[in-house]
Amino acid sequence: QKMPPSLPATINIQEPRWDQSTFQGRAKHFFMVTDPRNLLLSGATLEEARRVVEDYRAGTVQPGLTEDQLWRAKYIYDSAFHPDTGEKMILVGRMSAQVPMNMTITGCMLTFYRTTPAVLFWQWVNQSFNAIVNYTNRSGDAPITPSQLGTAYVSATTGAVVTALGLKSLTKHLPAIIGRYVPFAAVAAANCINIPLMRQRELKLGIPVTDENGNRLGESTAAAQKAIFQVVVSRIGMAAPAMAIPPVIMNMLEKRAFLKRYPYLNAPLQVGLVGLCLVFATPLCCALFPQKSSMPVSSLEPEVQDEIRKKDPWLETVYFNKGL
């Protein structure tokens, strides 16, 4: 006799497991999405997770499958495969690579900020990594052309380097602790340039807006502006603790005999401190705004409002994916 399936085929795994209308629910979701341990999973584990998720979506429930196992498979699948194309994503571009990659790059930025060649090199490395992340997590609805990618990459790198070198020259006669914050100012400036440029197609043509049930109502540039603003705030917020707290601690440690005796520990200590900050800052700042963001119909462009009123005269709120 066949065993009954462990689960009903009605769990909505298109949406996150936790309530996304609360900060706590969003934080739990992003702690799973950005978990660096997902990078260590084998190809066979990723393919098994893909099979579980695709079978379940097709209405086939594997015997003995529990709800926890289903959600675990969903988060493994989401960590490695593109949501629109289904292709396996570049390893360093995945959200689970954010903490290890950023802790290394940011730690080195904060350690080697004193010389101009070091500033140039690490700002270039950082923007190269950002370009890979933005390309890997691109939207299927708004693909990035090679020329857009190149423009965003060159502009953001130039903006970061010019800001870093300009601020570095201004802080020459100020206390050393001020100089340590130059990399953060450069990264914040680069985010303000990089993300809007990388998503310029959305700013020109708009992003899809839907009703509560996901029915597409049109494309809005006002929604795109709000989405990109939220992502810029989140990215700057992610960088802030990692680039603001370690400099204070390192400034204190460098005055002690311990670091003078073992100067080679400077970089590992800095990278470790940055990593500790990023483990929490990355998911918590991703959770600042709901992934499925919303805005009143009255805030959209007049022509989009007219289009929506024809379909649903009483609709007050539309929803859109803000991106990451």
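What counts as what
- Residues numbered from 1 in each chain as written.
- Predicted model: local features only at pLDDT ≥ 70, side-chain atom pairs only at ≥ 80, totals over all residues.
- Heavy atoms only, no water.
- Phe/Tyr/Trp six-rings, centres within 6.5 Å; stacked < 30°, edge-to-face > 60°.
- Helix = DSSP H or I, 4+ residues; strand = E, 2+ residues; numbered from the N terminus.
- Buried < 20%, exposed > 50% of the residue type's maximum accessible area, 1.4 Å probe, protein only.
- Lys NZ or Arg CZ within 6 Å of the ring centre and 35° of its normal.
- Expected span 1.5 Å × (residues − 1).
- Arc of directions from axis to C-beta.
- Contact = heavy atoms within 4.5 Å.
- Salt bridge = Lys/Arg side-chain N within 4 Å of Asp/Glu carboxyl O.
- UniProt positions renumbered as here; feature names shortened; annotations may be inferred.
- Axes fitted to C-alpha atoms, helices over the stretch in contact; angles between N-to-C directions.
- Parallel < 35°, antiparallel > 145°, perpendicular 65-115°, else oblique.
- Left-handed = near helix turned anticlockwise from the far one by under 90°.
- Nonpolar A, V, L, I, M, F, W, Y, C, P; charged D, E, K, R; others polar.
- Domains from an automatic or database assignment.
- Buried area = accessible area lost by both parts, 1.4 Å probe.
- Polar contact = N/O pair within 3.5 Å; in protein donor to acceptor, adjacent residues only side chain to side chain.

**What to know about the packing of aromatic side chains**
A full pass over the atoms with the stated rule returns 5 aromatic pairs. Taking 6.5 Å as the distance between ring centres and 75 degrees as the angle between the ring planes, the aromatic pair formed by Phe-31 and Phe-280 counts as edge-to-face. Of this pair, Phe-31 sits in helix H1 (residues 23-33) while Phe-280 sits in helix H12 (residues 266-286), placing them 249 residues apart in sequence. With a relative accessible area of 33%, Phe-31 lands in the partly exposed category. On the basis of an interplanar angle of 80 degrees and a centroid distance of 5.0 Å, the ring pair of Phe-121 and Trp-122 is categorised as edge-to-face. Phe-121 sits in the partly exposed class, given a relative accessible area of 41%. Residue class for Trp-122 comes out buried when judged on its relative accessible area of 18%. Pairwise contacts between aromatic rings join Phe-121, Trp-122 and Trp-124 into one cluster. The positively charged end of Lys-74 is found above the aromatic ring belonging to Tyr-75, 5.8 Å away from the centroid.

**Some points on helix H2 (residues 43-57)**
Here H2 spans 21 Å end to end across 15 residues, near enough to the 21 Å set by a 1.5 Å rise per residue. All buried positions along H2 are accounted for by Leu-46, Ala-49, Val-52, Val-53 and Tyr-56. Along the axis of H2, the buried residues cluster in a sector spanning 125 degrees; they form a single face. Packing partners of the buried residues in H2 comprise helix H3 (67-80). In the stretch just after H2, Gly-59 is the one whose phi turns positive, near 95 degrees.

**A short note on the pattern of salt bridges**
Enumeration according to the criterion identifies 9 salt bridges in this entry. Here Arg-51 and Glu-48 are joined by a salt bridge, their closest N and O atoms 2.7 Å apart. Residue Arg-51 and its partner Glu-48 are located together in helix H2, separated by 3 residues, close to a single helical turn. Between Arg-51 and Asp-55 there is a salt bridge; the shortest N-O distance is 3.9 Å. A residue pair is termed a helical-turn pair when its members lie 3 or 4 positions apart in one helix, as Arg-51 and Asp-55 do in helix H2 at 4 residues. Taking relative accessible area as the criterion, Arg-51 reaches 41% and is therefore assigned partly exposed.

**Some words on the UniProt feature "transmembrane region" (unreviewed entry) in the protein**
In the numbering used here, UniProt assigns the "transmembrane region" (unreviewed entry) feature to residues 227-249 and 269-289. The span residues 269-289 is 86% helical and 0% strand by assignment, and the distance between its end C-alpha atoms comes to 32 Å.

**Overview of the side chain of Asn-38**
Relative to the helices and strands, Asn-38 resides in the loop between H1 and H2. When neighbours within four sequence positions are excluded, Asn-38 is seen to be in contact with Met-32, Val-33, Arg-72, Ser-79 and Ser-96.

**Topic: the packing of H1 against H12**
For the pair H1 and H12, interaxial distance at closest approach is 8 Å and the crossing angle is 125 degrees. The angle between the axes of H1 and H12 places the two elements in the oblique class. Where H1 crosses over H12, the two elements pack in a sense that is right-handed. Residues Phe-23, Ala-27, Phe-30 and Phe-31 of H1 lie in contact with H12, whose contacting residues are Val-279, Phe-280, Pro-283, Leu-284 and Cys-286. When its residues are assigned to classes, the contact of H1 with H12 shows 9 nonpolar, no polar and no charged.

**Considering the domain arrangement of the protein**
Its domain assignment divides the protein into domain 1 (23-88) and domain 2 (95-321). The C-alpha centroid of domain 2 is placed 25 Å from the C-alpha centroid of domain 1. Each partner contributes residues to the interface: domain 1 has 15 residues there, and domain 2 has 22 residues. Counting each side, the surface lost to burial between domain 1 and domain 2 is near 1,400 Å², with a carbon and sulfur contribution of 69%. Inspection of the domain 1/domain 2 interface yields 0 salt bridges. Across the contact surface, domain 1 and domain 2 share 2 residue pairs in polar contact (both at pLDDT 80 or more). It is H1 that provides the largest number of residues to the side of domain 1 that touches domain 2, a total of 6 residues. Residues of the side of domain 1 that touches domain 2, tallied by class, amount to 7 nonpolar, 4 polar and 4 charged.

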